[in-house]
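Reading the structure
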Amino acid sequence: MFDPDIAPSGTLLGLLQRGRGDGTLHALAAPRAEALAALHHCVLRDPRCDWQVENRSLYYARLYLDLDGGLEEIEQHLFAPDDLLDTAEERTGLALAVLGHLASYGRDDALLLLRRYATTGGNWSWALDELALRDDDAGLAALGEIIVARFPGTPEGESALAAAVRDAFEPRPWRLWAEDPHAPATAARVRAAREQGSFDRWQRQLRPAGPRPGWSVREVLDWAQQGLALHPTQHRHVPATRCLTAVAGPEDRVEIIEAAADAPDAARATALRYLAEHHDPQALDLIETAADDPRELVAEAAVTAFGRMRSTAALERARTWIHRTDALGAAAAGMLACRGAQYDAALVLGALRRTVRAQGPDAPVLWDLVDGAGRLAITCAAPVLRHVYRETSSSHLRGRAARALAATDPSFATGFAVECLWDCEETTRELAAHHATTADARVVEQLRRLAADPAEEAEVQTAVRSRFGPDAPAV
């Protein structure tokens, strides 16, 4: 699920998997059966690089409406035997989110399917969150007894119920059930679960497990290191750095430098981050040494610490390290892209071309490099940016490439900006609403559709209205 099989970008399936606006346009022009088959493939096999942050559900729901697609395939997927074995949210989350949007568009079959899955499905809490936003009080009230009955009346069951109430993304159903006069037993259990969740949070606040006031530098470093011996492992070097800031003074500098040079993994990572955040004169040399350490925790901490530095000395060192081919070189490239001066444009462009050629259109450092190309207005970067836009499987990176193209490519308004109006990411649609040429009839029609769509984000609709208001620029 986290390593999706993405089809080539020139195919209908590849376009839809990426969430590109051209995916919708090609699907509407393709034979309906072919378009629905590609759409079902995407919804039932989540193609996102990061399913927790990338948007696809509204994009696919709109295409279901345009194609008048049925929900039989989604129903079979949700109620397949795998649902009892594979309880991971990413197996069914996208399908449930698509149903939620379809329900908000008035598809009663989607609403009924969500209700049914909430009472029997493995990922019932996600379905309940979708219903909390779309269903009426009567529909939610009818689910209360069935869902609460999932939890047996044992101490373990009551504890699990309290956790479910506490962790619910949308609390509306639980509030309704806690006050339901028609199901007093269910209401009593939900009220008790809500009280237990509040009590658990209060107890955790009374029993903090971290460092105490008065700890020494050595005790903080030891606490960070002890986390690696726990099961499951706790990586404490980030909170330990904050603790170190609170307890360390000028007299502790030598001890922290020694820890950054040769302490055990977590303690060394903590010391490196502390020195970097305080711009210590020896931090950069220690980071350069640690970045070559074979221990992954130490090397990653060194690179991360460097990436967080904001000093002029760090920028100067980045200009030296940008030619490295390791993670420290990537961090240096990202720093120059985000904070470098105009005379760093050639270095950023070289890093952008080198990264795409060596690592492809999904390399992590491309996020910063693409932003940097736009920030520095590197016009000769447009061909590489267009390649990243077309080929990346990350809809967030594609949106950044579109923003960079708006600053570097004179043809953006009549080219990619048009298809961006149908993109899966609202920030990309907002960008397109500002830039797409209204000389194209499709643009005017889509702008009006976005302005009238109640599911569209407010920022997108504000951008659309700016194109048609009395102060709109002439096109």
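Since this is a predicted model, take the numbers as computed values, not measurements. (Residues numbered from 1 in each chain as written. Predicted model: local features only at pLDDT ≥ 70, side-chain atom pairs only at ≥ 80, totals over all residues. Heavy atoms only, no water.)

Attention now moves to the overall build of the protein chain. From N to C terminus, the protein chain includes 30 helices and 0 strands. Overall, the C-alpha framework of the protein chain stretches about 65 × 65 × 45 Å when taken along its three principal axes. In the protein chain, which comprises 475 residues, the share counted as buried stands at 50%. Long-range contacts, defined as pairs at least 24 residues apart, comprise 65% of the intrachain contacts of the protein chain with a sequence gap of at least 6. Accessible surface for the protein chain amounts to roughly 22,400 Å². Of this, 54% is attributable to carbon and sulfur atoms. The protein chain carries 51 positive and 69 negative side-chain charges, and their two centres are separated by 3 Å. (Helix = DSSP H or I, 4+ residues; strand = E, 2+ residues; numbered from the N terminus. Buried < 20%, exposed > 50% of the residue type's maximum accessible area, 1.4 Å probe, protein only. Contact = heavy atoms within 4.5 Å. Areas by Shrake-Rupley, 256 points an atom, 1.4 Å probe, with all protein chains shown as cover. Lys, Arg positive; Asp, Glu negative; His and termini not counted. Charge placed at Lys NZ, Arg CZ, Asp CG, Glu CD.)

Another aspect to go through is the pattern of salt bridges. Summed over all chains, the structure comprises 35 salt bridges. The closest approach of N and O atoms between aspartate 66 and arginine 449, which form a salt bridge, is 3.1 Å. Remark: arginine 449 occurs in helix H29 (residues 441–452) and aspartate 66 occurs in helix H4 (residues 57–67); sequence separation between them is 383 residues. Residue aspartate 66 is classed as partly exposed on the basis of its relative accessible area, which comes to 33%. A salt bridge links aspartate 83 to arginine 91; its shortest N-O distance comes to 3.1 Å. Each member of the pair, aspartate 83 together with arginine 91, is buried. (Salt bridge = Lys/Arg side-chain N within 4 Å of Asp/Glu carboxyl O.)

Moving on, we get to the packing of aromatic side chains. Going through the model one piece at a time under the given rule, you end up with 8 aromatic pairs. One aromatic cluster is present, built from ring pairs that chain together Trp124, Phe151, Trp174 and Trp177. Taking the ring centre of phenylalanine 79 as reference, the NZ or CZ of arginine 116 above it sits at 3.9 Å. (Phe/Tyr/Trp six-rings, centres within 6.5 Å; stacked < 30°, edge-to-face > 60°. Lys NZ or Arg CZ within 6 Å of the ring centre and 35° of its normal.)

Grouped together as the largest cluster of nonpolar side chains are 89 residues, with contacts concentrated most on Ile287, Phe306, Leu352, Leu369 and Leu421. Leaving out residues up to four positions away in the same chain, isoleucine 287 has contacts with Leu272, Ala276, Ala302, Ala305, Phe306, Met309, Trp321 and Leu328. (Core = buried A, V, L, I, M, F, W, Y, C linked by side-chain atoms within 4.5 Å.)

Before going further, it helps to examine helix H25 (residues 382–391). Burial in H25 covers these residues: Ala382, Val384, Leu385, Val388 and Tyr389. Take H25 and look down its axis: the buried residues cluster within an arc of 160°, on one side only. Looking at the packing, one finds that the buried side of H25 touches helix H23 (345–359), helix H24 (366–375), helix H26 (395–408) and helix H27 (416–420). (Arc of directions from axis to C-beta.)

The contact between helix H19 (residues 283–291) and helix H20 (residues 296–307) brings their axes to 8 Å, and the two run at 145°. For the pair H19 and H20, the sense of crossing is left-handed. Along the contact surface, H19 presents Leu284, Ile287, Ala290 and Ala291, while H20 presents Val298, Ala299, Ala302, Ala305 and Phe306. Here the residues of the contact of H19 with H20 are counted per class, giving 9 nonpolar, no polar and no charged. (Axes fitted to C-alpha atoms, helices over the stretch in contact; angles between N-to-C directions. Left-handed = near helix turned anticlockwise from the far one by under 90°. Nonpolar A, V, L, I, M, F, W, Y, C, P; charged D, E, K, R; others polar.)

Once that is clear, we can look at the environment of cysteine 380. Note on placement: cysteine 380 falls in the loop between H24 and H25. The exposure class of cysteine 380 is partly exposed, given its relative accessible area of 42%. Along the primary structure cysteine 380 and glutamate 89 are separated by 291 residues, whereas in three dimensions their C-alpha atoms are 43 Å apart. In this structure cysteine 380 touches Leu349 and Arg353, once residues within four positions along its chain are discounted.

This paragraph deals with the side chain of threonine 241. Position of threonine 241 relative to the elements: it lies in helix H16 (residues 237–247). Other than its neighbours up to four places away in sequence, threonine 241 contacts Thr270, Arg273, Tyr274 and Glu277.

A word on the side chain of threonine 428. Considering the arrangement of structural elements, one finds threonine 428 in helix H28 (residues 426–435). Contacts of threonine 428, omitting those with residues within four sequence positions, involve Gly399, Ala402, Cys420 and Asp423.

Mapping arginine 166 onto the fold places it in helix H12 (residues 155–167). With 254 residues separating them in the primary sequence, arginine 166 and cysteine 420 have C-alpha atoms 39 Å apart. Within the structure, arginine 166 has its side chain in polar contact with the side chain of aspartate 167 (distance 3.2 Å). (Polar contact = N/O pair within 3.5 Å; in protein donor to acceptor, adjacent residues only side chain to side chain.)

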